[in-house]
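Tertiary structure, described
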Amino acid sequence: MWKKIFGGKAQPNEEELANPLFDRINWERLPRHVAIIMDGNGRWAQGRGLVRTAGHKAGVKTLKNVLKTAIDLRLEALTVYAFSTENWKRPRPEVDFLMKLFSDYLIKELEEMNDYNVRIRFIGRKDGMPESLQRQMTAAEELMKDNTGIRFNVAANYGGQDELLRAARSLAQRVAAGELSAADIDEKLMEASLDTAGDPPVDLVIRTSGDQRLSNFLLWQSAYAEFYFTDTNWPDFTPACFVDAMVEFAGRDRRFGGLKNT
Ligand code: FPP
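Structure report, in brief. Just so it is clear, the structure is predicted and the values come from calculations on it, not from any experiment. (Residues numbered from 1 in each chain as written. Predicted model: local features only at pLDDT ≥ 70, side-chain atom pairs only at ≥ 80, totals over all residues. Heavy atoms only, no water.)

This paragraph deals with the overall build of the protein. The number of helices and strands found in the protein is eight helices and six strands. For the protein, the α and β elements follow one another from N to C terminus as α-β-α-α-β-α-β-α-β-α-α-β-β-α. Its C-alpha atoms give the protein a radius of gyration of 19 Å, near enough to 18 Å, the size a compact globule of 262 residues would have. Looking at the 262 residues of the protein, the share that counts as buried comes to 50%. In the protein, the proportion of contacts linking residues at least 24 apart, taken out of those at least 6 apart, comes to 75%. A total of about 13,100 Å² of accessible surface is found on the protein, and carbon and sulfur atoms cover 52% of it. (Helix = DSSP H or I, 4+ residues; strand = E, 2+ residues; numbered from the N terminus. Rg over C-alpha atoms; globule rule 2.2 N^0.38 Å. Buried < 20%, exposed > 50% of the residue type's maximum accessible area, 1.4 Å probe, protein only. Contact = heavy atoms within 4.5 Å. Areas by Shrake-Rupley, 256 points an atom, 1.4 Å probe, with all protein chains shown as cover.)

All right, on to the nonpolar core then. Ranked by internal contacts, the top residues of the largest apolar core, which has 51 residues, are Ile36, Phe152, Ile206, Phe242 and Met246. Top contributing element to this core by residue count: helix α4 (residues 92-115), with nine residues. Residues contacting isoleucine 206, with those up to four places away along its chain left out, are Val34, Ala35, Ile36, Ile37, Tyr228, Phe237, Phe242, Ala245 and Met246. By size, the runner-up hydrophobic cluster in this structure holds eleven residues, among which are Tyr81, Ala155, Val202 and Ala225. (Core = buried A, V, L, I, M, F, W, Y, C linked by side-chain atoms within 4.5 Å.)

It is worth spelling out the site of the ligand at this point. Residues in contact with the ligand amount to 18 residues; listed here are only the nearest, Asp39, Gly42, Arg43, Arg52 and Arg90. Measuring from an oxygen atom of the ligand, one finds a backbone N or O atom of arginine 43 at 2.7 Å. Interatomic distance of 2.7 Å between a side-chain N/O atom of arginine 90 and an oxygen atom of the ligand. Coverage of the ligand by the protein chains reaches 92% of its 620 Å² of free accessible surface. (Near = heavy atom within 4 Å. Polar contact = N/O pair within 3.5 Å; in protein donor to acceptor, adjacent residues only side chain to side chain.)

Helix length check: helix α3 (residues 52-72), at 21 residues, gives a terminal C-alpha distance of 31 Å against a target of 30 Å (1.5 Å per residue), a fit within 8%. Backbone geometry just after α3 places arginine 74 at a positive phi near 60°. (Expected span 1.5 Å × (residues − 1).)

Remember that the coordinates give geometry; whether it matters functionally is a separate question.
Put into structure tokens, the structure is as follows:
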């Protein structure tokens, strides 16, 4: 049902129209690119008397369901914050658990994501991740590179400031090599130098679990994004919660610095 269905403009097919989950969706006012800060795994687990890592495990299930919903809604891009450049400060067993979780996810979900026509990409400093995981990430990207469905960016060892620094360095190197002049550097070139090159700007940032900050996520890409904060912990964030965010987004007046739009 998910296979090769993405065709550009969001238009529901009969199956989707019959899905009561989508009754509240305004198909003309969906975001093109949604970014999610999947927060609250630890709190979810602790609230149930479980170890924190149980929360991360439950978070994988949530991610799978949300990705499927995003595919059904024909979103162009979904970017999720899986591991920040700051997350290395966590206790070693938790970091190791997360690395294993990413690896298992790639083993278990690769074929299905490919069947769903997903284009996966890892953003951030892949080179700082364990070598075997780097190989898996590259293989997954390679497998799905010609797919035409949703762009699924997984931010791993990612920091927005780090991404901007890397982009600035690469542009400076091109100037030093005489390929570009400093005056050529504009928004388009900057965007093309980011890890998310080719993706539309982020329309909506969702953060679960109550905190209301960006935490160094997609600093450039979110310049005009709408923000949606919910107290729900990530493992409890159902497809219906995702639809709630879509409904809220559809009602926002986006002015991009101009005058009233709606
Ligand atoms: C934040 O919750 C969550 C993370 C740092 C890890 C996110 C990872 C997943 C959801 C696993 C799935 C990802 C992939 C790509 C397979 P937290 O630990 O900071 O929660 P807390 O704020 O309650 O402590």
